[in-house]
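Remarks on the overall topology
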Amino acid sequence: MRVIIESSPEDVARRSARYIVDQIASKARYTSSPFVLGLPTGSTPLDTYRELIRLHRAGEVSFANVVTFNMDEYVGLPAGHEASYRTFMQRNFFDHVDIRPENINIPDGNAADLEHECADYERRIAEAGGIDLFMGGVGEDGHIAFNEPFSSLGSRTRVKTLTPDTRQANSRFFDGDADKVPHTAITVGVGTVLSAKRVMILATGLRKARAVRHAIEGGYNHQWTVSALQTHPCGIIVCDDDAAQELRVGTYRYFKAVEADNAGLR
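The text that follows walks through the structure, step by step, so that each part is easy to find. (Residues numbered from 1 in each chain as written. Predicted model: local features only at pLDDT ≥ 70, side-chain atom pairs only at ≥ 80, totals over all residues. Heavy atoms only, no water.)

As for the environment of T48
Looking at where T48 falls in the secondary structure, it is placed in helix α2 (residues 46-57). Not counting the four nearest positions on each side in its chain, T48 is found in contact with A13, S16, A17, I20, M135 and L202. Of the polar contacts made by the side chain of T48, one reaches the side chain of S16; its length is 2.8 Å. (Helix = DSSP H or I, 4+ residues; strand = E, 2+ residues; numbered from the N terminus. Contact = heavy atoms within 4.5 Å. Polar contact = N/O pair within 3.5 Å; in protein donor to acceptor, adjacent residues only side chain to side chain.)

Examining the sheet that holds strand β10 (residues 235-240)
Across the sheet, 7 strands lie side by side as β1-β10-β9-β6-β2-β3-β5; this open sheet has parallel pairing. Strands at the two margins of the open sheet, each flanked by one partner only, are β1 (2-6) and β5 (104-105). Where strand β9 (residues 198-203) meets β10, 5 bridges bridge the pair, whose relative direction is parallel. Considered in β10, the bridge of V199 is made with G235. (Pairing = 2+ DSSP bridges.)

Some points on the packing of aromatic side chains
Inspection of every chain in the model, using the stated rule, returns 9 aromatic pairs. Here Y85 and F146 contribute two aromatic rings whose centre-to-centre distance is 6.2 Å and whose plane-to-plane angle is 20°, an arrangement assigned as stacked. On the criterion of sequence distance, the pair formed by Y85 in helix α3 (residues 85-92) and F146 in the loop between β6 (133-136) and β7 (158-161) is long-range, its members being 61 residues apart. Judged by centre distance (5.7 Å) and plane angle (45°), the rings of F93 and F94 are tilted. For F94, a relative accessible area of 4% corresponds to the buried category. Through a chain of ring-to-ring contacts, the aromatic side chains of Y49, F63, F93 and F94 assemble into a single cluster. (Phe/Tyr/Trp six-rings, centres within 6.5 Å; stacked < 30°, edge-to-face > 60°. Buried < 20%, exposed > 50% of the residue type's maximum accessible area, 1.4 Å probe, protein only.)

Remarks on the pattern of salt bridges
For the coordinates displayed, the defined rule picks out 20 salt bridges. The salt bridge partner of E259 is R15, with a shortest N-O separation of 3.1 Å. A residue pair is termed long-range when its members are at least 10 positions apart, and E259 in helix α8 (residues 249-261) and R15 in helix α1 (residues 9-28) qualify at 244 residues. (Salt bridge = Lys/Arg side-chain N within 4 Å of Asp/Glu carboxyl O.)

As for the nonpolar core
Among the nonpolar cores identified, the biggest contains 35 residues, and I201 and I216 are the most heavily contacted of them. Listed by contribution, the elements that provide at least two residues to this core are β1, β3 (66-70), α4 (114-127), α6 (190-194), β9, α7 (209-216) and β10. In terms of residues, this core owes the most to one element, α7, which gives 4 residues. Other than its neighbours up to four places away in sequence, I216 contacts M1, V3, Q230, I237, L247, T251 and F255. (Core = buried A, V, L, I, M, F, W, Y, C linked by side-chain atoms within 4.5 Å.)

Section: the side chain of E51
Looking at the element boundaries, E51 is found in helix α2. For E51, a relative accessible area of 14% translates into the label buried. Other than its neighbours up to four places away in sequence, E51 contacts A13, R14 and A17.

Purely spatial values, then, with no claim about function.
The structure is reproduced here in structure tokens:
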């Protein structure tokens, strides 16, 4: 596992956005096949999306040959609902870059057959050639996507019941009312995320410190689904100093030293 510890959320955004841009450019040098990018919603990636938009406007990256797959979507929200993840992605990223609408993939939480929708989502990922880079966030309880604690670490896209803690955390997008947050969502599985060629998890703020500690120093276990990143050959955590607050001093110094030595590497 690679751990990059930056000073601030803004530095996390700059580092993660630059990594995405460099990976898109790297693939384009040897193939015309699209770059397949997995994307999250939530508060943490917002700064990264803003930085990607800035880099696009500066002419440093095009998304015309990028295919995206979002991690999840609520079940049962009306089309165009303010809190839907499709609306979030359009408003905060897709409307501001040159991605082709037909290259955007988000689970359909209003599908008549949700089980079929989940299986079809996995099929579309496979047909795209697999995900080159999956960017994600992490919940305070260590969940990735909507793979709540005790989810199978080999899981694939499916419908999941959301815990009260997750619904409370997401109530900020529903007028602060947890009762308005849907009880279920379609989510990619932990196994879906781990099947990506590269996985980059972002974490900022003191509220994510416990999850970061379990991800890096804890055991591989399904109580903290982010710990599955320990088994990935190209797993990366990009966090700020606040999110690294609960790491042992030796762990913190080790990863800071490694990144200082590898400052020129991507």
